[in-house]
Structures are given as C-alpha cells and as structure tokens.
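Listed below, chain by chain, are the residues.
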Amino acid sequence: MPLMYSQVLRSGSPLLLSAIAAMLMVSPAQAQNDSETADSIQTSVFGHLPDGRQVDVYQFTNSNGVELRVINYGGIIVSLKTPNVAGEFDDIVLGFDSLEAYLSEEYRQANPYFGAIIGRYGNRIAGGQFSLNGDTYSLATNDGSNHLHGGDQGFDKVLWQAEPFENDEGTGLVLRYTSEDGEEGYPGKLETEVTYTLTDNDELMVDYRAVTDKATPVNLTQHSYFNLKGEGSDSILDHQLMINASAFTPVNESLIPTGEIRSVEGTPFDFTQATAIGERIEQDNEQLDFGGGYDHNFVLNREEAAQGELVLAAKVWEPQSGRMLEVSTTEPGIQFYSGNFLDGSLTGKQGQAYEHRSGFALETQHYPDSPNQEAFPSTILEPDETYRSRTVYRFSAQQDFDS
C-alpha cells in the first residue's frame, strides 16, 4: 500500500477512509469492462528464429470485431479480419500461420514481403548506389542490378522490440528497431519506431518515426497484400480501384523511374475514376510490359494539402463481398502493385496457393530512386530532423463503390 494511504489509515478519519474505500472498490460492470479490455490484446509465441530468439504474435480486436495480428519479426501483419456486407468476417491479407513459412527457402526466393515493414528504403534504388555529401554508398543489389526494399536483410527480416498499448485512439503495438551505421550499406545510426493502432472506427493507423546521427535516405512503408474477397480467393482483377493521382512516374525495363512525371490521362494508369484492376491490365503498353502489370508509383494529388496532412490516396471496392478499403497518407506517392510475380509457389493460411494476381499492394511512399533523382521529393533525413509519416487504412462494407 502506498505511504500516503497507510498514513491516512493510521489517522482513523472516517471521511478519508470512506473515500479510499470508494477508490478501491471496483463495480461488476467496471470489472467486466476491464476483462473486455484485457481480451482486446492477446500475446502468444509465434515461433523461434534459428538463433533461438523468440518471435511473438500480438492480437488486437476492436469493439466491432475487427481483428489484427502482428508479429515482431519484420513487423509483419499476418492476418486482418474484417466483415463483408453480410457481417461475415474473413482474413483479407496474404500471409502464413507459422514463422517457419516466413523463414523458408521458398519464401526467401519468391521474396514477396507479405505484410512487412519495409526499410530503410522502400522500393528501388538504381544500381544499388547513391551519392550523398560527396560520398558514394554501395548497397546490396537484390533485384537484378538494383537495390530493393532495404537490401538482403532489410527491416522486413529483423526482430523488432514490441510494446502493446491501449489509448484513447485504440489498441496497438509500438515496434522499435535500431539500424546501425553501415547496415546494408546505409550511412548513420537510424533509430526507427513504427506504431500500429487499430481503432473502433475500423481504421488501422500506421505511424512512422525515425532519427539519425548522419544524413541518410529513409523511405519507410508497409507491404501488406490485400484480397478483399478473403486471402486464398481467386484473383483481384475484379476489384474496383480509384487512385487519387493525375500522374505517375514511368519506369525503364528494370523498373527504375526515368525521371519523368507523366499524366495518366488516356493511359491504362488512369484510375482517377473507379475502374476494375483487370480492365486494362493486358493492354499493349510498354509500361505494363515492363512491370508485368501494374508495379508503378503514382504521384498523389496533394496541391491543396499542407505538408504532413492526410489526403485520400486510394479506394478499393470488391463487388462480391462489398468490402471497401480506403487509404489516406501524408506521403507524396503510392506504389500500386497488382501481384504480378505471385505464381502459386506459396501456400497461404487457408491452404490455398497464392496464384498470379491473387493479392494487391498499395505502398504509401516517397518516389523510387529519389536519392538519384534531384527533381523528386527528397528522402534524405538529416541529424537535426525527425522523420514522420502516417498512413491510415479504413475498412468498411457497402453495396456499391459510391455508397
């Protein structure tokens, strides 16, 4: 018992004793609420890494039954269950039920980055090199001749420190990782914090924060693959997609931006109005040929928005389930990837193979190869700055796209 309470009890004051009794008394209703709160956050062992370190899975459930499961290896979202128009819940993200599947050779060869935090640099850096303050830095070339998603041992393949929490916005998980100076070739010691918050408004908020002791490129993102029919279902080509972007960054044959900002008007990249993902994906188009489909950065319409302000980036609606996904972000771009390299070699949580285009990703980001493209928004974080970014995924269900 705290000292102040023991002193009051010795004083024998009936008024004070009554006050303390009231403070300590918990009503049955309050006890039930506390029990429900405890049930909204659950932690269990997901597996162990080859070096013996334990990987945990954290499960969060909001008041509407939406359920999020995250592991501290790679900050991976392993499942996300939301209701369809009939109120039936399905898991809408691709992934696995076991750590072994994420560590398997088959997965590492395919390397789809299911549900993971991506860093230090989401997307590609040309030739695995960039120059900064007179020095040239060499990175892993893990995507042909280019650097992709942080390298051989990016943030998707490290064990993060994890701390579950509950606050006024919802329940969630704070993940922290320190990337040492020189890790994967990047300069500076980068201290990174990523926070997942599941709200009672059926939103998943992802907040990124980082500081460094040397100038370094930083471009963090989240790489979940969605299928709004439910993971393990057929292709996502019937999903209706709107992207709030009047332009995109065309790429060369190795998917590095050419530096051009090109209008989407009159092209298969015009998603300013809701359009089925599969409607134009097979058109004869050089950009689609380079990506094997959509694998491009879209330049978001942010003209009226202040820096750091959330804007709507994309909306996706699936006609069979009625599920809607809305993505808002503070970032200037979003990479739309139509699951072109999924080939059936990986089997998901329902025992179904993940076939060609059975999931899509919408990665909020700065533009690819920005360290080598002076005209693009800068991704260089200086020692006296704090990197901050927020993306919000909102889930709902409705009868049509415009409801």
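Residues numbered from 1 in each chain as written. Predicted model: local features only at pLDDT ≥ 70, side-chain atom pairs only at ≥ 80, totals over all residues. Heavy atoms only, no water.

## Some words on the sheet that holds strand β18 (residues 245-249)
So, point 1. With antiparallel pairing, the 5 strands of this open sheet are ordered in space as β19-β18-β21-β24-β25. Since the sheet does not close on itself, it has two edges, and those belong to β19 (262-263) and β25 (361-365), each with one partner.
So, point 2. Judged from the 5 bridges that link them, strand β21 (residues 295-300) and strand β24 (residues 333-337) form a sheet pairing that is antiparallel. Residue pairing across strands places His296 opposite Phe336, the latter belonging to β24. (Pairing = 2+ DSSP bridges. Helix = DSSP H or I, 4+ residues; strand = E, 2+ residues; numbered from the N terminus.)

## Some remarks on the pairing of strand β8 (residues 129-132)
Along any regular strand the residues' side chains alternate between the sheet's two faces.
So, point 1. Of the two faces of β8, the one holding Phe130 and Leu132 is buried and the one holding Gln129 and Ser131 is not buried anywhere.
So, point 2. Inspection of the sheet shows β8 paired to strand β9 (residues 135-138) by 4 bridges, in the antiparallel sense. Paired with Ser131 across the bridge in β9 is Thr136.
So, point 3. Connecting β8 to the antiparallel partner β9 that follows it, the hairpin turn spans 2 residues, and Asn133 within it adopts a positive phi of roughly 55°. (Buried < 20%, exposed > 50% of the residue type's maximum accessible area, 1.4 Å probe, protein only.)

## A look at the pattern of salt bridges
So, point 1. Counted under the stated rule, the structure contains 16 salt bridges.
So, point 2. Close ionic contact of Arg176 with Glu163 constitutes a salt bridge, the shortest N to O distance being 3.1 Å. Of this pair, Arg176 sits in strand β12 (residues 171-179) while Glu163 sits in strand β11 (residues 161-166), and the two are 13 residues apart along the sequence.
So, point 3. Exposure remark for Glu163: the relative accessible area of 42% places this residue in the partly exposed category.
So, point 4. Residues Arg176 and Glu193 are paired through a salt bridge, measuring 3.0 Å at the closest nitrogen-oxygen approach. On the criterion of sequence distance, the pair formed by Arg176 in strand β12 and Glu193 in strand β13 (residues 190-198) is long-range, its members being 17 residues apart.
So, point 5. Glu193 gets classed as partly exposed once you look at its relative accessible area, which sits at 22%. (Salt bridge = Lys/Arg side-chain N within 4 Å of Asp/Glu carboxyl O.)

## What about the confidence of the model for the protein chain?
So, point 1. Summary statistics for the protein chain give a mean pLDDT of 92 and a share of 90% for residues scoring 70 or more.
So, point 2. Low pLDDT (under 50) marks residues 1-38, which in the prediction has 11 contacts with non-local residues, meaning those over four places away or in another chain. (pLDDT = per-residue confidence, 0-100. Contact = heavy atoms within 4.5 Å.)

## Observations concerning the packing of aromatic side chains
So, point 1. All chains considered together, the criterion is met by 24 aromatic pairs.
So, point 2. Centroid distance Tyr102 to Tyr107: 5.7 Å. Interplanar angle 80°. Geometry classified as edge-to-face.
So, point 3. On the numbers, 5.9 Å between centres and 80° between planes, the contact of Phe271 with Phe336 is edge-to-face. Of the two residues, Phe271 sits in the loop between β19 and β20 (275-276) while Phe336 sits in strand β24, which places them 65 residues apart along the sequence.
So, point 4. The exposure class of Phe336 is buried, given its relative accessible area of 0%.
So, point 5. Site record: aromatic cluster; members linked through ring pairs are Phe96, Tyr102, Tyr107, Phe114, Tyr225, Tyr337, Phe341 and Tyr354.
So, point 6. Here the guanidinium or amino end of Arg280 rests over the ring plane of Phe271, the centre of that ring lying 5.0 Å away. (Phe/Tyr/Trp six-rings, centres within 6.5 Å; stacked < 30°, edge-to-face > 60°. Lys NZ or Arg CZ within 6 Å of the ring centre and 35° of its normal.)

## Quick notes on the sheet that holds strand β3 (residues 67-71)
So, point 1. Ordered by their spatial adjacency, 5 strands build an open sheet running β1-β2-β3-β4-β5, and the pairing between neighbours is antiparallel. The sheet is open, and its two edges are formed by β1 (41-48) and β5 (89-91), each paired on a single side. Neighbour to neighbour, the strand axes of the sheet diverge by 15° on average, direction disregarded.
So, point 2. Pairing analysis gives 4 bridges linking β3 to strand β4 (residues 77-83), with the strands arranged antiparallel. Bridge pairing in β4 links Arg69 to Ser79. (Axes fitted to C-alpha atoms, helices over the stretch in contact; angles between N-to-C directions.)

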